[in-house]
Amino acid sequence: MAQGAAHKRFRNAVHRVALLQAVTKRFIHRAEEALGCTFWGDVGVPRFASGDASYNEEAMKEQETSKKGKRKNKGSLSFDSSLFKSQYEFTFPEKAIEVALRRPEQRSEQDIRFIRSMMMGILSFRRYSSQMQLMLARVVYYRRFGRGRVIVRKGHRGDSFYFVFSGVIAVTQDVDGSSALLDPEPILLHKGASFGEVALLKDLRRNATVVCMEETEFLVVDRMEFFENKLDQELQKELKYRFQHFRSLDLFSSWSDKSLETLADHCKAEECHHSQVMVKDTHETKNIIFVTKGRCEVLRLVHLSQCPSFLKWIKQHEAHTGKPILGPHHSEIGKSHRGSRFHGTSFSQREEPNLTAQNGDISDKRPPSMEDRAIHRVLTDASGNLDLPRSLMAGVYLRIDTIHPGQYFRGVDVDYIESCLERDSRPIHEPSLTCLSNLYHKDPRSMVIISQGAEVIRVKLDKFSELSDLVTLKKLKEDILPYPRFGPLQ
């Protein structure tokens, strides 16, 4: 009885939601007709036309057909995620402005947590420790400047440092900043950037001029508040923490304390959430990822359309169901499995026994069977791709490595480091490195680095190369990890 009542309430709730959705769509449709343009950031509404176009069944069918065709061709999701992106940049809320204009001693703990939550959208702010974030949230104040306003001038004393919350700024080398508005390709910084911290902490003069290219919002820390609230001591504590971590690594055993301190001064320890994507593509990153706490996992996308075991599994499934899946030119594979019963463990059967990795390849010590030779012949004839139906095209992320505290991602772009050394006219080879350079091969496959509740330090390769030496370069090449390959085409 109670179960029937709950089911009825659920049906009523679903009916109300569907009715509300239909009414909302009708309102949007009528508003579009009245305005003569699309409504709400050009977000199209299903089953309703945009603009002046009249709604009819034929138009709707054509639209649905075209959408299906695009989805089929692109093989993408059933919705366009770009439609959910706002066309306007998020600005600092009025309530947050009110709090950020108060004196630090007037802010409650709730105010501080609120400002911190607002600033978490700033990338450079997220790279501070939790304690430092709370301290900054207590002292930052809000400022907004228009286009052409000079924020800092080259050669002036550094009295503040800034977080860019919205807008765009340009960095120039002239004192008045006029070149920023005339240069066709100025150096631009956007939301998430910060500047002025080093000049404030070390009492240095500005080494560049910063100009607003449009109306820009800043969260600013002044010199007086910076030192009165002991932010300098917290920053020095974090600097010492990074320095000690680098000094504990064998990779930096040949570096002087001065060089290590410089490196620690140009990076920050970053706390990452569980399952947060640290690096989307290891080929594109120009950083070295050092793990100080927790762990990170290295994943690689394997396209099963190029995996022989996947083809073998499909043939076994055909034998089990009696329904053909592949084309006729694959019929020679899996004949021995006709009439046999499919078992899920057969999929990974070939990879399990006696696997060894040599120079990044996984090989099976057993001699290849006739079926394996047939699979290899089909893959060769298909130019590395199986002629599979779209419904069978699949991929899987495989965990190929785990980075623990005290380790770093060993797929470092050594070629980029060498190019930086050559650009600075520094030698990159010595007799002891000659044979090693012949053994070094860059892994051409892209990988993803995922945090599992880790704290990491990102070091830019440009700064690393500037301070590095040949001994460190040799260690990097020796530590390159030859990640395994899965199947002959992977």
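Predicted, not measured: the structure shown is a model, and the values here were computed from it.

A. Spatial organisation of the nonpolar core. Membership of the largest hydrophobic core comes to 28 residues, with the highest contact counts inside it found for Phe-92, Ile-115, Leu-136, Phe-163 and Leu-219. Counting residues per element, the ones that place at least two in this core are helix 3 (94-100), helix 4 (109-119), helix 6 (130-139), strand 3 (160-166), helix 8 (197-201), strand 8 (216-222) and helix 10 (231-247). The dominant element in this core, judged by the number of residues it contributes, is helix 6, at five residues. Apart from the residues lying within four places of it in its own chain, the contact partners of Leu-136 are Phe-125, Tyr-128, Phe-161, Phe-163, Val-221 and Leu-231. Judged by nonpolar contacts, the second largest core, of 27 residues, contains Phe-243, Ile-288, Leu-421 and Phe-464.

B. Summary view of the pairing of strand 16 (residues 448-452). Among the five residues of strand 16, five are classified as buried, and the element is accordingly described as predominantly covered. Pairing of strand 10 (residues 274-279) with strand 16, which is carried by three bridges, proceeds in the antiparallel orientation. Opposite Val-277, over in strand 16, you have Ile-450 as the bridge partner. In the sheet, strand 12 (residues 296-303) pairs with strand 16 via four bridges, with the strands oriented antiparallel. Note on strand 16: the bridge partner recorded for Glu-297 is Ile-450.

C. Structural detail: the confidence of the model for the chain. In this model, the chain carries an average pLDDT of 75, and 68% of its residues clear a pLDDT of 70 or more. Across residues 38-57, confidence stays below pLDDT 50; counting only partners more than four residues off in sequence or on other chains, it has 31 contacts. Counting interchain partners and residues more than four positions distant, the pLDDT-below-50 stretch residues 329-365 has 64 contacts.

D. Highlighting the pattern of salt bridges. Scanning the model with the defined rule gives 21 salt bridges in all. Salt-bridge contacts for Glu-297 lead to Arg-295; the nearest nitrogen and oxygen are separated by 2.7 Å. Three or more residues joined by partner-sharing salt bridges are found here, namely Arg-157, Asp-159, Asp-203 and Arg-223.

E. Geometry of the side chain of Arg-107. Relative to the helices and strands, Arg-107 resides in the loop between helix 3 and helix 4. Buried and without a salt bridge, Arg-107 has Asp-111 as its closest oppositely charged side chain, separated by 6.9 Å. Here Val-99 takes part through its backbone oxygen, which lies 3.4 Å from a polar atom of the side chain of Arg-107. Polar contacts involving the side chain of Arg-107 include one to the main-chain carbonyl oxygen of Arg-102, which spans 3.0 Å. Those residues in contact with Arg-107, other than ones at most four positions away along the chain, are Val-99, Ala-100, Leu-101, Arg-102, Ile-112, Ala-137, Arg-138, Val-139, Val-140 and Tyr-141.

Reading the values: rules and limits
- Residues numbered from 1 in each chain as written.
- Predicted model: local features only at pLDDT ≥ 70, side-chain atom pairs only at ≥ 80, totals over all residues.
- Heavy atoms only, no water.
- Core = buried A, V, L, I, M, F, W, Y, C linked by side-chain atoms within 4.5 Å.
- Buried < 20%, exposed > 50% of the residue type's maximum accessible area, 1.4 Å probe, protein only.
- Helix = DSSP H or I, 4+ residues; strand = E, 2+ residues; numbered from the N terminus.
- Contact = heavy atoms within 4.5 Å.
- Pairing = 2+ DSSP bridges.
- pLDDT = per-residue confidence, 0-100.
- Salt bridge = Lys/Arg side-chain N within 4 Å of Asp/Glu carboxyl O.
- Lys, Arg positive; Asp, Glu negative; His and termini not counted.
- Polar contact = N/O pair within 3.5 Å; in protein donor to acceptor, adjacent residues only side chain to side chain.

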